[in-house]
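One-letter residues, chain by chain:
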Amino acid sequence: MTITLENPWLQLIFDPAESGSWSLQGIQANAPLIHQARLDVRARRGGSMPPWRQADLSTPQRSDSPHGPLTWVDLRFAPREDGLAYRITFAMPETQPFLLWRIVVQNQGSAPAQIERLELLKEAQVSFPMRTGNASPRLAFLSNGWQSWSYSGVYAANEQQRRTRLRLFQGPPNVNPQTPHTRRRGCFSSDMFAVLGDRTSRSALLVGFLSQRQHFGSVEARLTGAVPLLRLWANGDNVLLVPGAEVSTDWACLNLLHVDEADPLGAYLEAVAREHALPAGQRLVPTGWCSWYQFFQNVTAVDIRQNIQALQEQRSALPLDVFQIDDGFESQVGDWFSFKATFPDGVAPLAVEIRCAGMIPGLWLAPFIVHPQSRLMQEHPDWLLRSRLNRPVNAGFLWNTFTTALDMTHPSAMAYVEEVISTAVHRWGFPYLKLDFLFAAALPGRRRDPRQTRAQVLRSALEAVRRAAGETTLLLGCGCPLGTAIGLVDAMRISADVDVRWTPAFHGIRAFFHSEPHMPATRNALQNVLVRAPLHRRWWINDPDCLLLRPETELTLAELQTHASVVALSGGMLLLSDHLPNLPPERLRVAQSLLPLIGQAPRLIDWLDAHTPSRLRLDLQNDSGCWHLLALINWDDHPREFELNLEEYQLNGDGEYHLREFWSGLAGVTHRGRFPLGVLPAHGTALLALRPRQPDAPQYLGSDLHISQGLEVTSWQQTADELNFGVERPGGVYGRVYLHLPLPPSQVQVNQRPVQLENCPEGYALNLAVNGKASVQLTWKH
Ligand code: 9PG
């Protein structure tokens, strides 16, 4: 007897009496097909999956869930020879375009079992519809990295996955050891979720987990053969399942999507948010200053004070919310209660000063990682996470040494971490914590409690951190395996560190490190900021890391403009990290032009077509009208000529648009949906505001005041003989706004003083002195 579960998007078919495999078919045209999908539980010295015909099958039932009503069936299997009995549940939501399923395993035997992997797709075949006239599908795979810094990006089927050549150094922090990273062409892996898509038919499927509370999830794709193969499994970590105990995987999810829809990952990302019962109304996206990328570990209390003072004095010009002290105040990573000589009074007095300067005090802590020279290491060897050889585990080569980690199942280690967190928040006065190197809690090793998976250990450690910090403290995760922190942190670093360089280097050596995918480098940071932009405001607030503005970096002006454009359009936080007393006004102006933050994530138009998205689109509106903010990024290492093609942004090219580029001031009107942009420098960006041309009405065309070229307009009122509008931006600056006016006005006033309009190719330009605000009035005599 065949069983089917169905919703308007999908049909699940399996025949328990037959093969023990299932298939999933899209109901809408052009959908891919998943077939020969099997499940399995891999245990050490374990048995194998019994035939499905021995399963006890429930009749389909309906129930409510966070994902709306769903229909589900259970298959219950009698215990196999190793005592493991399991239940597989398939659930089909009625109003969501995906299938959910999970495996629950119970040890009904008399001996403990060790679970290696819970395979939710042991090996499934995928086929994409062929478009007539097209040869083979052109497959692409979106890989999500394990933690904040781990490379995320899209690969074409004939490529090799990017991986570190420094396994011993970069592996422990950045790579989930249970997610294979091979050099074989066409073999790709991903953490928590992945997308396999076809660039020809524009259809794709997402597989992944709705949470990472129980296990880390891995995805693998083999695109080498005639039929693409997909695997999805929960990392069992060989933990003990004692007699009588039960373990369930997080829900696996399979979602069919269309590559060119406005929000292709939205259905999945929002399901994940619902699964964690995240509140819908989210906090504002914070702005701030961070000490790391200017001072690194050499930071002193004097540096901190100089920058607090600079921000206090420039409050109106640079209104940042958070002032965050980064790594370098503690006497050693791990020894959080003693300070370096350069912080003679610790950090509590600085928190007071930050508050007095009108900002929120923020502090960096790395609660789970341990420096080998710390007292913590000497005094509490029993708190350390150890390898099978009983040596402290390698947590990676950081701060020029091999580091190690705490065993967070050790109650005393956990108590220490809780004390550190609660002291920082409640005694030192920091309501904002950047919690770094969080992967350290989830490294493989022998733990005091051998029953907990690495994901469970990290989750309970983060829960303890949240309890110690209190509900209202803003927690920013960093170096953190992503899924496990959802619902426990307010914000998350989603990228590698930025750097004063575009590509990675180490002690001045560039060539060898050039292709390192997870190392600090502005290129590596921007890669993940874009690929992971859709997570913003769904799972947390995205932190794209600091924007470095000082001229002393090795970054070109074009690279700085790309960095600023990507940070602004990503919608995430804005953090600065320059010594502010030395920052030249023209560089400060770049930061000012990003305030207030846009706050909303862009569409990544070519997300499945390019390694790094190069075409971003935001649709904005306010009193001045609706406009499109488009970015076109030249990721090439050499200058290149570009032409804007509106079709490539899914915009209708029939009408005419006013266009203005923010960085260069290039302006004009599109012709048949196109506009020549000239040569973009290597790593440069064209950032365009486009407004549909309305020849008969006054129109705002843009300005050099705000990167969005429109959000600076706070009011816009128009009558037959008058136009009044206001602009706002921090600080006192001179700016230029551009207008289209069907008739020249008889009078123009700025802040009630008469001024002159200038003619310019796109219409009229108006010079403005803005001191926080300016109001503009144009009048016409009829
Ligand atoms: C403080 C820094 C900053 C930074 C964090 C984190 O691969 N690595 O060698 C590597 C070193 C440092 C690092 C990330 C990776 O930076 O992201 O913002 O807080 O720690 O030590």
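Above this text you will find the structure in question.
The structure presented is a predicted model; accordingly, all values stated were derived computationally and were not measured.

Trainee: Could you give me a rundown of the overall build of the chain, with the residues and numbers involved?
Mentor: Helix and strand content of the chain: 11 helices and 49 strands. Taking 782 residues into account, the globule formula puts the C-alpha radius of gyration at 28 Å, and the chain, at 28 Å, falls close to it. Viewed in the frame of its principal axes, the chain has a C-alpha envelope of about 90 × 70 × 50 Å. Across the 782 residues that make up the chain, the buried fraction comes to 62%.

Trainee: Go over the packing of helix H9 (residues 522-531) against helix H10 (residues 557-570) with me, naming the residues and quoting the values.
Mentor: Orientation of H9 relative to H10, taken along the N-to-C sense of each, is 25 degrees, at an axis distance of 10 Å. Relative to H10, the element H9 lies roughly parallel. Between H9 and H10 lies a crossing of left-handed hand. Note on element contacts: H10 touches H9 through Thr562, His563, Val566 and Ser570, opposite Thr522, Leu526, Val529 and Leu530. Looking at side-chain class alone, the contact of H9 with H10 contains four nonpolar, four polar and no charged residues.

Trainee: Can you tell me about the site of the ligand, naming the residues and giving the values?
Mentor: Looking at the ligand, there are 16 residues lining it, with Tyr293, Asp326, Asp327, Lys434 and Asp497 nearest. Note that an oxygen atom of the ligand is positioned 2.9 Å from one of the side-chain N or O atoms of Asp436. Between the ligand and Arg493, the relevant distance is 3.0 Å, taken from an oxygen atom to a side-chain nitrogen or oxygen of the residue. With the chains in place, 91% of the 460 Å² that the ligand exposes on its own is no longer accessible. If you list the elements that add at least two residues to the shell around the ligand, you get helix H3 (292-295) and strand E27 (397-398). Grouping the constituent residues of the shell around the ligand by class yields nine nonpolar, one polar and six charged.

Trainee: Account for the pairing of strand E18 (residues 229-241), with residues named and values stated.
Mentor: The pairing of strand E11 (residues 113-127) with E18 spans nine bridges and is antiparallel. From the neighbouring strand, Gln125 faces E18, where its bridge partner is Leu229. Where strand E17 (residues 217-222) lies against E18, six bridges are found, and the strand directions are antiparallel. Within the sheet, the bridge partner assigned to Val219 lies in E18 and is Leu232. The hairpin turn running from E17 into E18, its antiparallel successor, is six residues long.

Trainee: Residue-level account of the packing of aromatic side chains, with values.
Mentor: Considering all chains together, one arrives at 37 aromatic pairs under this definition. When the ring of Tyr700 is compared with that of Trp716, the centres are 6.1 Å apart and the planes differ by 85 degrees; the resulting orientation is edge-to-face. Here the residue Tyr700 occupies a position in strand E43 (residues 699-703), and Trp716 occupies one in strand E44 (residues 713-718), the gap between them amounting to 16 residues. Assigned by exposure class, Tyr700 and Trp716 land together as buried. Through successive ring pairs, a cluster of aromatic residues spans Trp149, Phe329, Trp336, Phe337, Phe339, Trp364, Trp383, Trp399, Tyr416, Trp428, Phe437 and Phe439. The ring of Trp233 is capped by Arg117, whose NZ or CZ atom sits 3.8 Å from the centre of that ring.

Trainee: Tell me about empty space enclosed by the protein, and please be specific about residues and values.
Mentor: Counted under the stated rule, the structure contains six cavities of 30 Å³ or more. In terms of lining residues, the largest cavity is bounded by 17 residues, among which Gly145, Tyr151, Gln161, His181 and His518 are the most central. With three residues, strand E14 (residues 187-191) is the single largest residue contributor to the lining of the largest cavity.

Definitions and limits used
Residues numbered from 1 in each chain as written. Predicted model: local features only at pLDDT ≥ 70, side-chain atom pairs only at ≥ 80, totals over all residues. Heavy atoms only, no water. Helix = DSSP H or I, 4+ residues; strand = E, 2+ residues; numbered from the N terminus. Rg over C-alpha atoms; globule rule 2.2 N^0.38 Å. Buried < 20%, exposed > 50% of the residue type's maximum accessible area, 1.4 Å probe, protein only. Axes fitted to C-alpha atoms, helices over the stretch in contact; angles between N-to-C directions. Parallel < 35°, antiparallel > 145°, perpendicular 65-115°, else oblique. Left-handed = near helix turned anticlockwise from the far one by under 90°. Contact = heavy atoms within 4.5 Å. Nonpolar A, V, L, I, M, F, W, Y, C, P; charged D, E, K, R; others polar. Near = heavy atom within 4 Å. Polar contact = N/O pair within 3.5 Å; in protein donor to acceptor, adjacent residues only side chain to side chain. Areas by Shrake-Rupley, 256 points an atom, 1.4 Å probe, with all protein chains shown as cover. Pairing = 2+ DSSP bridges. Phe/Tyr/Trp six-rings, centres within 6.5 Å; stacked < 30°, edge-to-face > 60°. Lys NZ or Arg CZ within 6 Å of the ring centre and 35° of its normal. 1 Å grid on protein atoms, 1.4 Å probe; cavity = no way out; pocket = protein on both sides within 12 Å on 5 of 7 lines; lining within 4 Å. Points joined across faces, edges and corners; volume = space filled by probe spheres on them.

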